[in-house]
Amino acid sequence: MKAAILGISGYTGMILLRMLADHPEVKEIIPVSSSKPGEKIIDIDPGIGKAVMEKTAALDNCVVDISCAVTKKPDVVFAALPHLASAEMCDPFFGKSVVIDLSADLRIKNHDLFQKAYNVAPPRPDILKISVYGLSEVYEKEIKKADVIANPGCYPTCILLPIIPLAAKGFLEGVIITSALSGISGAGKKATIGNLYVERTENICAYLPGKTHRHFTEITNEIDNFDKSLDLFFTPHLAPTKRGMHAVSVISLKGNVSEKHIEDTFNEYYGNKKFIFLKGKKLPETRDVWGSNRCDISWQVQDGKILLFSAIDNLIKGASGQAVQNMNLRFNFDEAAGLRLYGEL
C-alpha cells in the first residue's frame, strides 16, 4: 500500500516516517512538506539514514508538495500538521484516501465545544460529521469502518484510557481530579523561549490549569459519552524530559464498588488488548513505555476513592504510534505491525 505523510519535518512526522519504514504492509511512502519540497529526505532528517530509501525511490528520495502527493493516489494519508490548518490541507484526499488526522481539527463534533476550546468554528464541519475519534482500544469497531480518523491528543489518550472502563460501568461519582506531566516534545517542534533547554532543565511547572487547556474539552467530551454526571479538574505540567507522559486521576467510587469489581472491569476491557499493560497496584513509570506504543495502567483504592495511574510515550501512543495502530485496524493488518510492545532501555 501507499502511505503519505503530510508534515514530515515535525516530531510526529519524523516518527511516522520511521514506523512506516519498518511496516511490512507499506510498500511506498510519500513524504510531504509545504516548506521543503524537492529536498532530500536524508537532508531534512539525517537520523533516518537509508531506512526509507527503497520506499521513497519512486520520488528520488525527495520530499514533495501536496499536489504531487495527490497524483500518487495514496491509500492512507497521515496529517501531522498544525491545529486549525490540517483539515483544510487534507481536502484533496477526503473521499479518495483514508485520512488519519493527528491535529485537533476533527476530534470534537459539537461545534460549540470546539469553538470554546479553540476560539474558532470547526474548520471542516462537513468532514467532522463522518470522522471517528481514534482512541484505538475504545472505538475499534468504528475505526475499522472509518475513512476519516481523528487521532486523539496525548493528554486525552493517557487520561481517558484508565477512566473510560470505570465510567462506562457507572462506578464513579463526583469530580475527577487529574494531574499529568508531559515531556517537552508535547509542545511540538517550534522555537519558543519556554521550550529552551536552559528554561526547562531542572524545572517542573504547571501550565494552563483547570478548564483553560485545550485538551480539557476533548477529555470531558469523551467522558460525557460514558457518564455525563462526572466533572473534571485537570492540571497539566511540563517535566524536564524529551518524551513521556504520566497521569494520576483521583475519583470517588460509588459505595457498592469493590476492588474486585475494578480488577474485573479492567480485565474485561483491556485483558486482550496488545497495547494496554495492566499493572495492578504496581505504579507505572515513563521509562517503561519510552519508544513503545503501550499504555501502562495501575490503580489503588483508598478511603472510598480510586487512584488511577497511567504512562505513555507522548509521541508514540500519544500521537504517531496510535495513528499507525489506527491504520492497522482500518486496513485489517496485524494491529502491532510497525509498532513496539516494549520500552527502550
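Everything in this summary refers to the structure shown in the same document. (Residues numbered from 1 in each chain as written. Predicted model: local features only at pLDDT ≥ 70, side-chain atom pairs only at ≥ 80, totals over all residues. Heavy atoms only, no water.)

Regarding the pattern of salt bridges
So, point 1. Tallied over the entire structure, the rule returns 18 salt bridges.
So, point 2. Two residues, Asp 91 and Arg 124, come together in a salt bridge whose shortest N-O distance is 2.6 Å. In this pair, Asp 91 sits in the loop between α4 (86-89) and β4 (98-101) while Arg 124 sits in the loop between α5 (111-118) and α6 (125-128), placing the two residues 33 residues apart along the sequence.
So, point 3. Note that Arg 340 is salt-bridged to Glu 344, the shortest N-O span being 2.0 Å.
So, point 4. The partly exposed category is assigned to Glu 344, whose relative accessible area is 31%. (Salt bridge = Lys/Arg side-chain N within 4 Å of Asp/Glu carboxyl O. Helix = DSSP H or I, 4+ residues; strand = E, 2+ residues; numbered from the N terminus. Buried < 20%, exposed > 50% of the residue type's maximum accessible area, 1.4 Å probe, protein only.)

Observations regarding the packing of aromatic side chains
So, point 1. In this structure the tally under the stated criterion is seven aromatic pairs.
So, point 2. Where Tyr 139 meets Phe 226, the ring centres are 6.5 Å apart and the plane angle is 40°; that geometry is what we call tilted. You can see Tyr 139 sitting in the loop between β5 (132-133) and α7 (140-143) and its partner Phe 226 sitting in the loop between α10 (214-224) and β9 (231-238), a full 87 residues away along the chain.
So, point 3. With a relative accessible area of 14%, Tyr 139 lands in the buried category.
So, point 4. For Phe 226, a relative accessible area of 26% corresponds to the partly exposed category.
So, point 5. What links up through ring pairs into an aromatic cluster is the set Tyr 133, Tyr 139 and Phe 226.
So, point 6. Just above the ring of Trp 290 sits the side chain of Arg 243; from NZ or CZ to the centre is 4.2 Å.
So, point 7. Here the guanidinium or amino end of Arg 330 rests over the ring plane of Phe 331, the centre of that ring lying 5.3 Å away. (Phe/Tyr/Trp six-rings, centres within 6.5 Å; stacked < 30°, edge-to-face > 60°. Lys NZ or Arg CZ within 6 Å of the ring centre and 35° of its normal.)

A few points about the sheet that holds strand β12 (residues 295-302)
So, point 1. If you walk across this open sheet you meet the seven strands as β8-β9-β7-β10-β13-β12-β11, and the pairing is mixed. Since the sheet does not close on itself, it has two edges, and those belong to β8 (205-206) and β11 (276-278), each with one partner.
So, point 2. Packing of α10 onto the sheet brings it into contact with β7 (172-182) and β9, and relative to β9 it is tilted by some 140°.
So, point 3. Its contacts with the sheet put helix α11 (residues 259-270) on β10 (245-253), β11, β12 and β13 (305-312), and the angle it makes with β12 is roughly 165°. (Pairing = 2+ DSSP bridges. Contact = heavy atoms within 4.5 Å. Axes fitted to C-alpha atoms, helices over the stretch in contact; angles between N-to-C directions.)

Topic: the packing of helix α8 (residues 154-169) against α11
So, point 1. Put simply, α8 and α11 touch, their axes get as near as 10 Å, and they point 110° apart. With respect to α11, the element α8 is oriented roughly perpendicular. Where α8 crosses over α11, the handedness of that crossing is right-handed. In this structure, α8 contributes Leu 161, Pro 162, Pro 165, Leu 166, Ala 168 and Lys 169 to the contact, and α11 contributes Ile 262, Thr 265, Phe 266, Glu 268, Tyr 269 and Tyr 270.
So, point 2. Among the residues making up the contact of α8 with α11, the classes are represented as nine nonpolar, one polar and two charged. (Parallel < 35°, antiparallel > 145°, perpendicular 65-115°, else oblique. Left-handed = near helix turned anticlockwise from the far one by under 90°. Nonpolar A, V, L, I, M, F, W, Y, C, P; charged D, E, K, R; others polar.)

Notes on the side chain of Ser 320
So, point 1. Position of Ser 320 relative to the elements: it lies in helix α13 (residues 316-330).
So, point 2. Polar side-chain contacts of Ser 320 include one of 2.8 Å to the backbone oxygen of Thr 12.
So, point 3. The residues contacting Ser 320, other than those within four sequence positions of it, are Thr 12, Ile 15, Leu 16, Met 19, Leu 102 and Leu 315. (Polar contact = N/O pair within 3.5 Å; in protein donor to acceptor, adjacent residues only side chain to side chain.)

Concerning the nonpolar core
So, point 1. Within the largest apolar cluster, 77 residues are counted, with the highest numbers of intra-cluster contacts made by Leu 172 and Met 327.
So, point 2. At ten residues, α8 tops the list of elements feeding residues into this core.
So, point 3. Ignoring sequence-local partners within four residues, the contact set of Met 327 consists of Met 1, Leu 20, His 23, Val 26, Val 76, Phe 78, Ile 100 and Phe 333.
So, point 4. Listed in part, the 21 residues of the second largest apolar core include Val 32, Ala 87, Val 148 and Ala 150. (Core = buried A, V, L, I, M, F, W, Y, C linked by side-chain atoms within 4.5 Å.)

A closer look at the state of the cysteines
As used here, a disulfide is simply a covalent bond connecting the sulfur atoms of two cysteines.
So, point 1. In the structure shown here, the tally under the stated rule is zero disulfides.
So, point 2. Distance from the sulfur of Cys 205, which forms no disulfide, to the nearest cysteine sulfur (Cys 154) is 15 Å.
So, point 3. Between Cys 295, a free cysteine, and Cys 158, which holds the nearest cysteine sulfur, the sulfur-to-sulfur gap is 5.4 Å.
So, point 4. Given a relative accessible area of 0%, Cys 295 falls into the buried group. (Disulfide = S-S within 2.5 Å.)

Points about the sheet that holds strand β6 (residues 148-150)
So, point 1. If you walk across this open sheet you meet the six strands as β2-β1-β3-β4-β6-β5, and the pairing is parallel. Two strands in the sheet have a free side with no partner beyond their single neighbour: β2 (28-32) and β5.
So, point 2. Inspection of the sheet shows β5 paired to β6 by two bridges, in the parallel sense. Among the inter-strand pairings, Tyr 133 is bridged to a residue of β6, identified as Ala 150.

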